Each structure stands twice: as C-alpha cells, then as structure tokens.
Amino acid sequence: MIHYEDDRLLASVLGLLSEDESTEIIEHALVCESCRARLNNIKSEVAVLGGIAPQADLPVFPKRRTRVFAYSAILKIAALLMVGFLGGLATSRIMSPLPINVVPAYANPTPPPDSLAFFAVSDATALKSTP
Amino acid sequence: MNDWECLERAKRGEESAWRTLVERHHARLLGISLLITGSSSAAKDIAQESFVRLLDANVSHREGTVQGLLSTIAYRLALKEKARGQRTEDIAAINPANPSPSPLDELLAEERDRLVAAAIRSLDPQHRDILVLRFYGEHSYEEIAGLTGIPLGTVKSRIFYAVKSCQQFLRDKGLFA
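Worth saying up front: this structure is predicted, and the values here are computed from it rather than measured.

## A short note on the environment of Leu30(B)
Thought 1: With respect to the element layout, Leu30(B) can be found in helix 2 (residues 15–37).
Thought 2: The exposure class of Leu30(B) is buried, given its relative accessible area of 0%.
Thought 3: The sequence separation of Leu30(B) and Ser40(B) amounts to ten residues, and the corresponding C-alpha distance is 8.4 Å.
Thought 4: Aside from chain neighbours lying at most four places away, what touches Leu30(B) is Pro54(A), Gln55(A), Ala56(A), Ala43(B), Lys44(B), Ala47(B) and Leu107(B).

The structure is reproduced here in structure tokens:
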C-alpha cells in the first residue's frame, strides 16, 4: 500500500490542498492505519500550535458615558452662548437706541471761612489803596 | 446571542453584552498581541484597546466576523507596538529547564504554552505573522493575503514552513515526539 508523506499530510491538515486531494487523503486514512495515526498526530500538533491560552484579567467596560456626557455638555454650553449672542444682536438691531441725557455736574466749592479767598477782590484793592 | 448582536448592544452601553464579547475573544487577542510583540504588558494593553476601538468603530455592515475585526485591530496595534520596540520580554530566551519568574508567567501559566510561544517567537516575523493570523486570528488565507499585502501562494508556503519549523523546535525541546 502507498503511504502519504508527512508533508503531504501536513498540507492537508493546513487546508493547502485542493478539495479532491484532501478527500483522497481522508479516504486513504480510513483504510490505512499508519497514515491515519500520522494524520491524527499532525492534527494534534497543529492544534497545540494554535492552542496557547494566555490568562489575564478581563478588561473592564469602558466608561463611554462620561465621554458622551462631556461632549454633550460642551455642545449645550456652546449652543447657549450662541443663542445668547444672536438674541442680543437681534435685540440691538430691532430696538431704537435710547437717547443719552448727560447732565453736567458743576462744582460748587464752598470756600473755607478762614482763608484769604473769603475776601472779595474789592476788599483787597481797598487794602492796597490804603496808605 | 451572536457576536454582532453583542456588539450592537455593547455600543448602546449594555455591559453584559460587552462582557460576553470579551469572554469569547480576549484570550485570542492576547495570543495575537503577545506572539507579535513578545511583551506581556503590551499584550494586555493591546487586547483591551482592541475592544475599545471596536466599540468606537463605525461598523455599518456585518461582513466577516467580529472575531476577524478584533484580530485585525489587535494585529495592527501589535505591529505599531513592535515598531516602537519599547517593550519586549523575549519569549524565545525562556529556558524551561531553569524557570525564573517573569512577566510572561502571569500570562502563560502552562509550561507547554510557554514552549509553544517560544517556538512561534523563534520564527522570523514574516512567517510568524502568517501563522499568528491563521491560528489565532482565524483568518482565511485569502484574508491574510489581503491584510498583509502578500500574494496568496506566498502566504500558503509561509504557513507551511512556519508550522514545520515550530514542529522541529518543539521536537528538539521534547514536547513533540
């Protein structure tokens, strides 16, 4: 009986052969104990190569809501500012400007009673002309 | 509940759906990122980041599998991490005869797993990546060709060579008969 080489069996296990070739090998393995044993051995070796099972703590659920809330809060604040700005702009355009009345304030100094300014100019003249 | 339904629900904030997805795929993503980068700390970060990016991704179709999406994300993140080259614990240097505590012990508790990881890490990157994408990403050869930009025939020859090299490595270490 013809036996398949290990490389051929490995190619079959890895799915590298055509469907017809793979079927042929499987059918052969059903009646050939030697090929069946080697085929099963190769299958288990390939399973071991792909069977590393690393262990680590599972990641926690990301707190996406916080980010969503932050975005939503920023958007709401921006919207409020924009509404306020546009509202103010519209009001200033629609309303006529109010007249501005400025009432001048005059100083009304009260001279201290004991200073020289208390005397009138005429008094000073009178003092000068007095011999 | 299938993976797509879990993803939809997780995107809506359903934590139990997220947990289901994580329990199904976390180990594989750890495997991909560990074998590509060689770093256990990078592997944990990448596995977590892959799930977060999946939630953020705008997936408008249901072509392929969620596993395929996740492993593609993890693979690309692992390549970036490897390019930075800051975190490497060199799995290939592990000597099972003289086991000493290492960060990898936390991830790979079984000695057999550490040996297999060492075998895969002993491959050159162009063969290693194909094997990892096939066995741990569960991608078809056509998908791997598309993902890596390597011709399909080359992908097939590389997986064959990669497996044969690992078999020989593990025979030398006594794991395979």
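## Remarks on the domain arrangement of chain A
Thought 1: Splitting chain A by domain gives domain 1 (6–50) and domain 2 (64–93).
Thought 2: In this structure, domain 1 of chain A and domain 2 of chain A have C-alpha centres spaced 67 Å apart.

## Description of the domain arrangement of chain B
Residues and elements named next belong to chain B.
Thought 1: By domain assignment, chain B separates into domain 1 (1–89) and domain 2 (98–177).
Thought 2: The centre of domain 1, based on its C-alpha atoms, is set 19 Å off from the matching centre of domain 2.
Thought 3: Opposite the 21 residues of domain 1 that make contact, domain 2 presents 20 residues.
Thought 4: Of the roughly 1,800 Å² buried between domain 1 and domain 2 on both sides combined, carbon and sulfur atoms contribute 64%.
Thought 5: Among the residues of domain 1 in contact with domain 2, Arg-28, Leu-35 and Tyr-75 are the three that bury the most area, contributing 35% of the side total.
Thought 6: There are one salt bridge connecting domain 1 and domain 2.
Thought 7: With its nearest N and O atoms 3.0 Å apart, the salt bridge here joins Glu-138 to Arg-28.
Thought 8: Run the count over domain 1 and domain 2 and you get eight residue pairs in polar contact (both at pLDDT 80 or more).
Thought 9: Looking at the side of domain 1 that touches domain 2, the elements with two or more residues in it are helix 2, helix 3 (40–56) and helix 4 (66–84).
Thought 10: Partitioned by chemical class, the residues of the side of domain 1 that touches domain 2 number eight nonpolar, eight polar and five charged.

## Some words on the pattern of salt bridges
All names here are of chain B.
Thought 1: Throughout the structure, instances matching the rule amount to ten salt bridges over all chains.
Thought 2: Measuring nitrogen to oxygen at the nearest pair gives 2.5 Å for the salt bridge that ties Asp-3 to Arg-24. Here the residue Asp-3 occupies a position in helix 1 (residues 3–11), and Arg-24 occupies one in helix 2, the gap between them amounting to 21 residues.
Thought 3: Judged by relative accessible area, which is 16%, Asp-3 ranks as buried.

## Notes on the interface of chain B and chain A
Thought 1: Listed by partner, the interface residues are 42 residues for chain B and 26 residues for chain A.
Thought 2: Buried area between chain B and chain A, both sides added, is near 3,000 Å², and the carbon and sulfur share of it is 67%.
Thought 3: Of all residues in chain B, Phe135(B), Phe160(B) and Phe176(B) give up the largest surface area on contact with chain A, accounting jointly for 17% of the area buried on that side.
Thought 4: Inspection of the chain B/chain A interface yields two salt bridges.
Thought 5: The partner of Arg171(B) in a salt bridge is Glu45(A), and the shortest N-O contact between them spans 3.9 Å.
Thought 6: Inspection of the region where chain B meets chain A yields eight residue pairs in polar contact (both at pLDDT 80 or more).
Thought 7: Residue assignment for the side of chain B that touches chain A shows that the elements contributing at least two residues are helix 1, helix 2, helix 3, helix 5 (103–107), helix 6 (111–121), helix 7 (125–135) and helix 9 (152–172) of chain B.
Thought 8: Classifying every residue of the side of chain B that touches chain A by side-chain character gives 24 nonpolar, five polar and 13 charged.

## Thoughts on the packing of helix 6 of chain B against helix 9 of chain B
All names here are of chain B.
Thought 1: Remark: helix 6 packs on helix 9, axes separated minimally by 9 Å, with the N-to-C direction vectors making an angle of 135 degrees. Accordingly, the angle class assigned to the pair helix 6 and helix 9 is oblique. In the crossing of helix 6 with helix 9, the sense of the turn from one axis to the other is right-handed. Side by side, helix 6 and helix 9 meet where Leu-115, Val-116, Ala-118, Ala-119 and Ile-120 of the first sit next to Cys-166, Phe-169 and Leu-170 of the second.
Thought 2: Considered class by class, the residues forming the contact of helix 6 with helix 9 number eight nonpolar, no polar and no charged.

## Here we look at the side chain of His28(A)
Thought 1: Tracing the backbone through its elements, the reader meets His28(A) in helix 2 (residues 19–31).
Thought 2: Once residues within four sequence positions are removed from consideration, His28(A) is found in contact with Met1(A), Ile2(A), His3(A), Tyr4(A) and Cys35(A).

## Quick look at the packing of aromatic side chains
Thought 1: According to the stated counting rule, one finds two aromatic pairs over all chains in the structure shown.
Thought 2: Consider the rings of Phe61(A) and Trp18(B), whose centres lie 5.6 Å apart with planes at 70 degrees: the pair is edge-to-face. Here Phe61(A), found in the loop between helix 3 (33–49) and helix 4 (64–94), pairs with Trp18(B), found in helix 2, and the two come from separate chains.
Thought 3: Among the residues examined, Phe61(A) registers a relative accessible area of 17% and is labelled buried.
Thought 4: Judged by its relative accessible area of 3%, Trp18(B) falls in the buried class.
Thought 5: Cluster of aromatic residues (ring-pair linked, three or more members): Phe61(A), Trp18(B) and Phe51(B).

Conventions used here
Residues numbered from 1 in each chain as written. Chains lettered and ligands numbered in written order. Predicted model: local features only at pLDDT ≥ 70, side-chain atom pairs only at ≥ 80, totals over all residues. Heavy atoms only, no water. Helix = DSSP H or I, 4+ residues; strand = E, 2+ residues; numbered from the N terminus. Buried < 20%, exposed > 50% of the residue type's maximum accessible area, 1.4 Å probe, protein only. Contact = heavy atoms within 4.5 Å. Domains from an automatic or database assignment. Buried area = accessible area lost by both parts, 1.4 Å probe. Salt bridge = Lys/Arg side-chain N within 4 Å of Asp/Glu carboxyl O. Polar contact = N/O pair within 3.5 Å; in protein donor to acceptor, adjacent residues only side chain to side chain. Nonpolar A, V, L, I, M, F, W, Y, C, P; charged D, E, K, R; others polar. Axes fitted to C-alpha atoms, helices over the stretch in contact; angles between N-to-C directions. Parallel < 35°, antiparallel > 145°, perpendicular 65-115°, else oblique. Left-handed = near helix turned anticlockwise from the far one by under 90°. Phe/Tyr/Trp six-rings, centres within 6.5 Å; stacked < 30°, edge-to-face > 60°.

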